[in-house]
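For reference, the chains in residue letters:
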There are 2 protein chains.
Amino acid sequence: MDSATEPRTPASTPAPAQLVELAQQFRVDSVRMAAAAGSGHPTSSMSAAELMAVLLGRHFHYDFERPEHPGNDRFVLSKGHASPLLYAAFKAAGALTDDEMMTFRKHGSRLEGHPTPQRLPWVEVATGSLGQGLPVGVGIALAAARLERDDHRVWVLCGDSELAEGSVWEAAEHAAYEQLDRLTLLVDVNRLGQRGPTRHGHDLSAYARRFAAFGWHTVEVEDGHDIDTLDRAFNEARSTAGQPTVILARTLKGKGVAAAEDQEGLHGKPLPDPEAAIAELGGVRDLHVQVQPPGPTRVLTVAHRGAPDLPHYAPGTHKATRDAYGAALTALGTVRDDVVALDGEVGDSTRTQLFGEEHPERYFECYIAEQQLVATATGMAVRGYLPYAGTFAAFLTRAYDFVRMAAVSGASMVLVGSHAGVGIGEDGPSQMGLEDLAMFRTVHGSTVVYPCDANQTAQLVAELAQQTGIRYLRTTRGDTPVIYTPGERFPVGGSKVLRTHDEDRLTVVAAGATVHEALTAADVLAAYGIRVRVIDLYSVKPVDRATLREAAADTGCLLTVEDHREEGGIGDAVAEVFADGSPPPRLVRLAVRTMPGSATPEEQLHAAGIDAESIEAAARLLVEQAVVA
Amino acid sequence: MDSATEPRTPASTPAPAQLVELAQQFRVDSVRMAAAAGSGHPTSSMSAAELMAVLLGRHFHYDFERPEHPGNDRFVLSKGHASPLLYAAFKAAGALTDDEMMTFRKHGSRLEGHPTPQRLPWVEVATGSLGQGLPVGVGIALAAARLERDDHRVWVLCGDSELAEGSVWEAAEHAAYEQLDRLTLLVDVNRLGQRGPTRHGHDLSAYARRFAAFGWHTVEVEDGHDIDTLDRAFNEARSTAGQPTVILARTLKGKGVAAAEDQEGLHGKPLPDPEAAIAELGGVRDLHVQVQPPGPTRVLTVAHRGAPDLPHYAPGTHKATRDAYGAALTALGTVRDDVVALDGEVGDSTRTQLFGEEHPERYFECYIAEQQLVATATGMAVRGYLPYAGTFAAFLTRAYDFVRMAAVSGASMVLVGSHAGVGIGEDGPSQMGLEDLAMFRTVHGSTVVYPCDANQTAQLVAELAQQTGIRYLRTTRGDTPVIYTPGERFPVGGSKVLRTHDEDRLTVVAAGATVHEALTAADVLAAYGIRVRVIDLYSVKPVDRATLREAAADTGCLLTVEDHREEGGIGDAVAEVFADGSPPPRLVRLAVRTMPGSATPEEQLHAAGIDAESIEAAARLLVEQAVVA
């Protein structure tokens, strides 16, 4: 925080009649875009035309030439299918030409069916999976309120159908609790979902009761197509302190075209007769609107004060990787102001809480609401922070759609899943992360790491800060032996060969908890004269192809062992290395194939067939087969 | 519906003083169990002891000797970590001996850390991932109200922390809209979560306002340890018509033991001094409670009237697999009364709507709330119905935790994901299911099928009805060529060899949309004298090992091609076949490796490198490599 930008001259305010015309232009352009594309959602755009016109013309502060300007308001189109409305607004604001606008939904165009920030600089976050706009908007507003303490506002436009998503109510709870009064939710209550009417139709009070109960200020606009009423509602939102505001606007889907207005069966389709519709709407216009400039802002300077002073653990001692995670994250936060930590009400278990004790101003408690946990991370990530968000690995499954969409947004964040695998012991299968590696490996552009000791964990916490996209760190509940020396490096994409010998007959590939089982097995086998190589595959994605290839060439057979389901995890990651058309080595995998119950960690590993004894038995069988073959 | 069971003599009702003692016994037993196990959640059990005592002693109707009795009430312990309370109640009801109770959390015991129906017959559904009990309870209650029209009640006990989960509010909305007045939610408002206080502490009115706004009848119990007040609240719930009731009971975590009562830092741990605690609680008791018997009930007889009259499609025509799904499901519903269909407000797109038009009484609209969609399916599945629940494949990611927990419950259901893959075209990545195969393959005991034509889809809809566990059917948006004759069978675990020749040099393994691309490529290659085998791997899990092994032996190289991310899908399914230690064939995979934008379906397949041209190019390269090698 070291300087302030100059305030700019306010733009002249369009008169109501001009906003009426602007809204009609949005409708016409929406009809034109969908007609040219042969697909799209003009009727869902038309219902919200006045909401957008009043926002853009009177209340939105934004410099379209400087989308990175810290004083800009933020806008999230939660009903991402109404993208024609958004692109029409961008055109009216001078950000797009009419020609480019008309490339909507065509191959190579920046104007996709649902907007994405990867391609359009004025889009904060990818939408299109409903019920995500408000949760991410809460993350953005939380960053503004708690980290930037700035004057800009966050506007989210959503549909009424998506209010059925639970994630909206996680967000409503979070926003009110955090008193995010610079956040405004605009709801386009057009009464019609995709296949028919919503539960509450045009009953604004049904939604108002719910938001009020959750602690929001509510404004009901009986005619959501009336400029003056909307303008008053926006002013009321801007003057409300201490709580977020929802503006519930009663609108008509397809408004302005009699054949489409308030009609079922026209969702997600171009209008049947676009030329007649354009004529009915008063024809093509070319209005431009001068958007209000951003206000003065403090410029946030993010300090990076060298390398973090990571915790050190003495080899030979025992320490849980989750402990090392908490300590290393705290150290990282000490040298980087942009690092924020998020908890899903298990910070004492994941050890994220350690960060909160040292850096309370950058610690965010999201309570038991994993969708909001990841959405908050996304909102902060798109604003330039580096979130580390943690809960039990099992419960990250709750937020998979948010992770998937964060990847579409190109958001950069680290997600941390603790208590992975059957090794948690007595708590049983509901608490065991057994699908997490598969889930995160499949995410586009992701990085997945799974450390086996405390020093390795500490290094990886820092390594992950250097990566991009979605990174996943898997930690273990119980104490594990410290096998690496402090300061040893673990680059993403690498691995460690822990046992090797000229006469290796087989390679055991393990990660996390099973590394220690593999080492025990290797040592027992060595005593019998059977040499096996052991690789610690801490980087599950990207995977260390060179080391695995070398092991394949040297030993001819790779045995993977993982505390995870047999699908999608380490076995698959290793198999993928050899899916390049060259002759692959023999491959065998040990993984969790049953539904575990309660038992001690040791009993669990044994029952799942992934402990040292199981590895030893499998290795003997494979070595004997090779002798026979 | 063809007979009625006889009503049984009501049990005598325990006096309040007896219920006070019963609650103390629950506490003592919870302390004992956790102490013996060395883990567990006694304090979370102790807060709800009176809630459970009043329920069990006065209001619950259940025959513990006949857990399958259709007239039994249903109870769901949403706060599954309070399992000691549940097991203590089972003991008091005579269902468990004290000896078995004390096996809590031990290897081989039925009494797991979190209860599962797979092991205990009186448990309806597995819990332990918070915020799932009410959603599943809604499914159970919905079956009771709409299908059974019976007199039994559904009771859900949850904690206050889990009310932060959005899924609770999806369920609250659904329950009130469906007027589920036989559903009662008991909330143990003990003010403390795992790591500290909840957002609203002991403010019952904060929760009451929210539930009331969602349309629930609310009862606030200021002293949740007072038997008489609780009893009146239960009576009020039972006499409330037209809406579900929530009983919000103010309680103290660790109630009854001064050192634990209302204290932070004692979540999920045995009490520090269990013997002193037991003494303070008045010592060990051995009270038994006679639970009220179930009332008279109509016995539901599920008719199976032979094989369904599946739709037929003429080879050579074009038809979308989603269309065939809707038609086949409707036909299946005609011959099977236990089949129910669930929609996530996209029934017109998934074609589930066709079922609704023919069988409206067994069609359930869940609106845009995918967690509730799967939870409703789980609730109905555990009551013996066979749900087919559908939405876009992409949006099933929203419900992954519910799918995972349904598998822990051993629930039997079919989930259907439409609009899979980049082939949907212009709508862009937010709508493309590209992670679904990985997600479902990893689920324990799952079945995953992905048909390529309409006749195959119809057959698989019927085949899936014969399977157990979680089944996933992946459908395609666009029309695809009909290549199979009507009536041809497609057993789960099978595949179809569509092109084969003595001189096959390579095998292309495809499924769904890419089968047609593979066939085109094979025919082009054949014209150049390059023979490739084509396998339609419609059963992705379990996979047809024999056919793939034969192809490997015959051709030496398998090229997988899929409209899915490269991780966790068909490429991995094929690789897994050869992970048995025998020398594998050469393997290559084509899959979606980029982040798609908007484009036509054809452009998308080409850009992703999974169209006929891409397959042809890859096949040529591989065949030439083999020649060189």
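Reading the values: rules and limits
Residues numbered from 1 in each chain as written. Chains lettered and ligands numbered in written order. Predicted model: local features only at pLDDT ≥ 70, side-chain atom pairs only at ≥ 80, totals over all residues. Heavy atoms only, no water. Helix = DSSP H or I, 4+ residues; strand = E, 2+ residues; numbered from the N terminus. Rg over C-alpha atoms; globule rule 2.2 N^0.38 Å. Buried < 20%, exposed > 50% of the residue type's maximum accessible area, 1.4 Å probe, protein only. Contact = heavy atoms within 4.5 Å. Areas by Shrake-Rupley, 256 points an atom, 1.4 Å probe, with all protein chains shown as cover. Phe/Tyr/Trp six-rings, centres within 6.5 Å; stacked < 30°, edge-to-face > 60°. Lys NZ or Arg CZ within 6 Å of the ring centre and 35° of its normal. Least-squares fit on C-alpha atoms with pLDDT ≥ 70 in both. Pairing = 2+ DSSP bridges. Axes fitted to C-alpha atoms, helices over the stretch in contact; angles between N-to-C directions. Expected span 1.5 Å × (residues − 1). 1 Å grid on protein atoms, 1.4 Å probe; cavity = no way out; pocket = protein on both sides within 12 Å on 5 of 7 lines; lining within 4 Å. Points joined across faces, edges and corners; volume = space filled by probe spheres on them. Nonpolar A, V, L, I, M, F, W, Y, C, P; charged D, E, K, R; others polar. Salt bridge = Lys/Arg side-chain N within 4 Å of Asp/Glu carboxyl O. Buried area = accessible area lost by both parts, 1.4 Å probe. Domains from an automatic or database assignment. Polar contact = N/O pair within 3.5 Å; in protein donor to acceptor, adjacent residues only side chain to side chain. UniProt positions renumbered as here; feature names shortened; annotations may be inferred. Parallel < 35°, antiparallel > 145°, perpendicular 65-115°, else oblique. Left-handed = near helix turned anticlockwise from the far one by under 90°. Core = buried A, V, L, I, M, F, W, Y, C linked by side-chain atoms within 4.5 Å.

Q: How do you make sense of the overall build of chain A when you look at a structure like this?
A: Broken down by element type, chain A carries 22 helices and 21 strands. In terms of overall dimensions, chain A is globule-like: its C-alpha atoms have a radius of gyration of 28 Å, near the 25 Å expected for 629 residues. Taking the principal axes of the C-alpha coordinates as reference, chain A spans close to 90 × 50 × 40 Å. Within chain A, buried positions represent 69% of all 629 residues. When contacts within chain A are restricted to residue pairs at least 6 apart in sequence, long-range pairs at least 24 apart make up 79% of them. Carbon and sulfur atoms form 49% of the exposed surface of chain A, whose accessible area is close to 18,700 Å².

Q: Is there a simple way to think about the packing of aromatic side chains in this case?
A: The description of two aromatic rings rests on the distance between their centres and on the angle between their planes. In the structure shown here, the tally under the stated rule is 38 aromatic pairs over all chains. Ring centres of Tyr-87 of chain A and Phe-104 of chain A lie 5.9 Å apart, and the angle between their planes is 65°; this geometry places the pair in the edge-to-face category. Note that Tyr-87 of chain A is positioned in helix α4 (residues 83–92) and Phe-104 of chain A in the loop between α5 (98–101) and α6 (133–148), a separation of 17 residues in sequence. Per residue, the accessibility class of Tyr-87 of chain A equals that of Phe-104 of chain A, and both read buried. Between Phe-490 of chain B and Tyr-538 of chain B, the ring centres sit 5.4 Å apart and the planes meet at 85°, which makes this aromatic pair edge-to-face. Of this pair, Phe-490 of chain B sits in the loop between β15 (479–481) and β16 (496–499) while Tyr-538 of chain B sits in the loop between β18 (532–536) and β19 (539–541), and the two are 48 residues apart along the sequence. A single burial state applies to Phe-490 of chain B and to Tyr-538 of chain B, both of which are buried. Above the face of the Phe-214 of chain B ring, Arg-210 of chain A is positioned so that its terminal group lies 4.8 Å from the ring centre.

Q: I tried to follow the relation of the copies chain B and chain A on my own but got confused; where do I start?
A: The two chain copies are connected by a rotation around an axis plus a translation along it. The two copies are related by a screw motion: chain B maps onto chain A through a turn of 180° and a shift of 0.0 Å along the axis, at an RMSD of 0.0 Å. Accordingly, the operation relating the two chain copies is best matched by a two-fold axis. The C-alpha atom lying nearest the rotation axis in chain B is that of Gly-166 of chain B; the distance is 1.8 Å. Here 100% of the contact residues of chain B are again contact residues in chain A; the copies associate through an equivalent surface.

Q: Explanation requested: the sheet that holds strand β13 (residues 447–449) of chain B in the structure shown.
A: The strands that make up a sheet are held in pairs by hydrogen bonds between backbone atoms, and each pair lies either parallel or antiparallel. All names here are of chain B. One open sheet accounts for seven strands, arranged β10-β9-β11-β12-β14-β13-β19; its pairing is mixed. Unpaired on one side and paired on the other, β10 (363–365) and β19 mark the two borders of the sheet. Recorded for the sheet is a direction-independent mean angle of 20° between the axes of neighbouring strands. In the sheet, strand β9 (residues 339–343) pairs with β10 via three bridges, with the strands oriented parallel. Paired with Asp-343 across the two strands is Glu-365, which belongs to β10.

Q: Can you walk me through helix α7 (residues 166–177) of chain B in this structure?
A: Because an α-helix completes one turn every 3.6 residues, residues spaced three or four positions apart along the sequence face the same direction. Residue and element names in this part refer to chain B. Compared with the 16 Å implied by 1.5 Å per residue over twelve residues, the 17 Å span of α7 between its first and last C-alpha is a close match. With eleven of twelve residues buried, α7 lies mostly within the body of the structure. All of the buried residues in α7 are Gly-166, Ser-167, Val-168, Trp-169, Glu-170, Ala-171, Ala-172, Glu-173, His-174, Ala-175 and Ala-176.

Q: Honestly, empty space enclosed by the protein in this entry has me stumped. Any pointers?
A: Regions of empty space are outlined by a rolling probe, equal in size to a water molecule, passed over the atoms. Residues and elements named next belong to chain A. In this structure the tally under the stated criterion is 14 cavities of 30 Å³ or more. In this structure, the largest cavity encloses a volume near 170 Å³. Lining the largest cavity are 18 residues, with Phe-75, Val-76, Leu-86, Phe-90 and Trp-122 positioned closest to its centre. Partitioning the lining of the largest cavity into residue classes produces 16 nonpolar, one polar and one charged.

Q: Is there a simple way to explain the pattern of salt bridges in this structure?
A: Should the charged atoms of two oppositely charged side chains come close, the side chains can pair. The tally for this structure, following the rule as stated, stands at 80 salt bridges over all chains. Its salt-bridge partner being Glu-345 of chain B, residue Arg-195 of chain A comes within 2.7 Å of it at the nearest N-O pair. With Arg-195 of chain A in the loop between β4 (183–189) and α8 (204–213) and Glu-345 of chain B in the loop between β9 and α12 (347–350), this residue pair bridges two chains. Taking the relative accessible area as the measure of exposure, Arg-195 of chain A reaches 21% and is therefore partly exposed. Taking the relative accessible area as the measure of exposure, Glu-345 of chain B reaches 3% and is therefore buried. Between Glu-173 of chain B and Arg-210 of chain A there is a salt bridge whose closest N-O contact spans 3.0 Å. Taken together, the positions of Glu-173 of chain B in helix α7 and Arg-210 of chain A in helix α8 put the pair across two chains. Judged on exposure class, the residue Glu-173 of chain B and its partner Arg-210 of chain A are both buried.

Q: So what exactly am I meant to see when it comes to the interface of chain B and chain A here?
A: Bring the parts together and some accessible area is lost; that lost area is often taken as the interface size. Counting residues at the interface gives 110 residues for chain B, matched by 110 residues for chain A. Summing both sides of the interface, chain B and chain A together bury roughly 8,700 Å²; the carbon and sulfur share of this comes to 50%. Salt-bridge contacts for Asp-401 of chain B lead to Arg-398 of chain A; the nearest nitrogen and oxygen are separated by 2.9 Å. Within the side of chain B that touches chain A, the residues separate by chemical class into 37 nonpolar, 38 polar and 35 charged.

Q: Looking at this structure, I do not really get the domain arrangement of chain A. What am I missing?
A: Residues and elements named next belong to chain A. Per the domain assignment, the segments making up chain A are domain 1 (14–280), domain 2 (318–481) and domain 3 (496–628). For domain 2 and domain 3, the distance between their C-alpha centroids amounts to 26 Å. Taken together, the contacts link 32 residues of domain 2 with 34 residues of domain 3. For the pair domain 2 and domain 3, the summed buried surface comes to about 2,400 Å²; carbon and sulfur atoms form 58% of the total. When the area that domain 2 buries against domain 3 is broken down by residue, the three leading residues are Val-422, Arg-441 and Tyr-450, summing to 30%. At the boundary of domain 2 and domain 3, one finds one salt bridge. Across the pair Arg-441 and Glu-576 runs a salt bridge, and its minimum N-O distance is 2.7 Å. Counting across the interface, domain 2 meets domain 3 through 22 residue pairs in polar contact (both at pLDDT 80 or more). Elements with a contribution of two residues or more to the side of domain 2 that touches domain 3: α16 (436–441), β13 (447–449), α17 (454–465) and β15 (479–481).

Q: Just checking my understanding: could you explain the UniProt feature "domain: Transketolase-like pyrimidine-binding" (unreviewed entry) in chain A for this structure?
A: Here the UniProt feature "domain: Transketolase-like pyrimidine-binding" (unreviewed entry) sits at residues 319–482 of chain A. Helix makes up 40% of residues 319–482 of chain A and strand 21%, with an end-to-end C-alpha separation of 7 Å.

Q: What am I meant to see in the pairing of strand β20 (residues 557–565) of chain A here?
A: All names here are of chain A. Counting buried positions along β20 yields nine of nine residues, so the element is predominantly enclosed. Summarising the sheet, strand β17 (residues 506–510) and β20 pair through four bridges and their orientation is parallel. Counted as the bridge partner of Thr-507 is Leu-558 from β20. As judged from the six bridges shared by β20 and strand β21 (residues 586–592), these two strands associate in the parallel manner.

Q: Hey, could you run me through the environment of Arg-195 of chain B in this one?
A: Sequence separation between Arg-195 of chain B and Gly-265 of chain B is 70 residues; the distance between their C-alpha atoms is 7.0 Å. Here the side chain of Arg-195 of chain B touches Glu-345 of chain A through a polar contact of 2.7 Å, side chain to side chain. Within polar-contact distance, the side chain of Arg-195 of chain B engages the side chain of Glu-365 of chain A at 3.3 Å.

Q: Would you mind going over the sheet that holds β4 of chain A with me for this structure?
A: All names here are of chain A. As summarised here, the arrangement of the five strands in space is β2-β3-β4-β6-β5, forming an open sheet in which the pairing is parallel. The open sheet has two edge strands, β2 (74–77) and β5 (217–221), and neither has a second partner. Each neighbouring strand pair of the sheet contributes to a mean axis angle of 15°, computed without reference to strand direction. Here helix α3 (residues 49–59) sits on the sheet and contacts β2, β3 (154–159), β4 and β6 (245–250); the angle it forms with β4, its principal contact strand, is near 150°. Seen against the sheet, helix α9 (residues 227–238) touches β3, β4, β5 and β6 and runs at an angle of roughly 175° to β5.

Q: Explain the packing of helix α1 (residues 16–37) of chain B against helix α3 (residues 49–59) of chain B to me, please; I cannot follow it from the model alone.
A: Helix-helix packing is characterised by the crossing angle of the two axes and by the distance between the axes. Residues and elements named next belong to chain B. The geometry of α1 relative to α3 is characterised by a closest axis approach of 8 Å and an angle of 125° between their N-to-C directions. Classified by the angle between their axes, α1 and α3 sit oblique to one another. In this structure, α1 meets α3 at a crossing whose hand is right-handed. Contact with α1, carried on its side by Pro-16, Leu-19, Leu-22, Ala-23, Phe-26 and Arg-27, involves Ala-49, Glu-50, Met-52, Ala-53, Val-54, Leu-56, Gly-57 and Arg-58 of α3 and no other residues of that element. Here the residues of the contact of α1 with α3 are counted per class, giving ten nonpolar, one polar and three charged.

Q: Just to check I follow, could you spell out the nonpolar core for this structure?
A: For soluble globular proteins, the rule of thumb is that nonpolar side chains tend to be buried together. Judged by nonpolar contacts, the single largest core of 168 residues is most densely connected at Leu-183, Trp-216 and Leu-548 of chain A together with Leu-183, Trp-216 and Leu-548 of chain B. Residues in contact with Leu-183 of chain B, not counting those within four places in the same chain, are Leu-134, Gly-137, Val-138, Ala-141, Arg-153, Val-154, Val-156, Ala-175, Trp-216, Pro-244 and Thr-245 of chain B.

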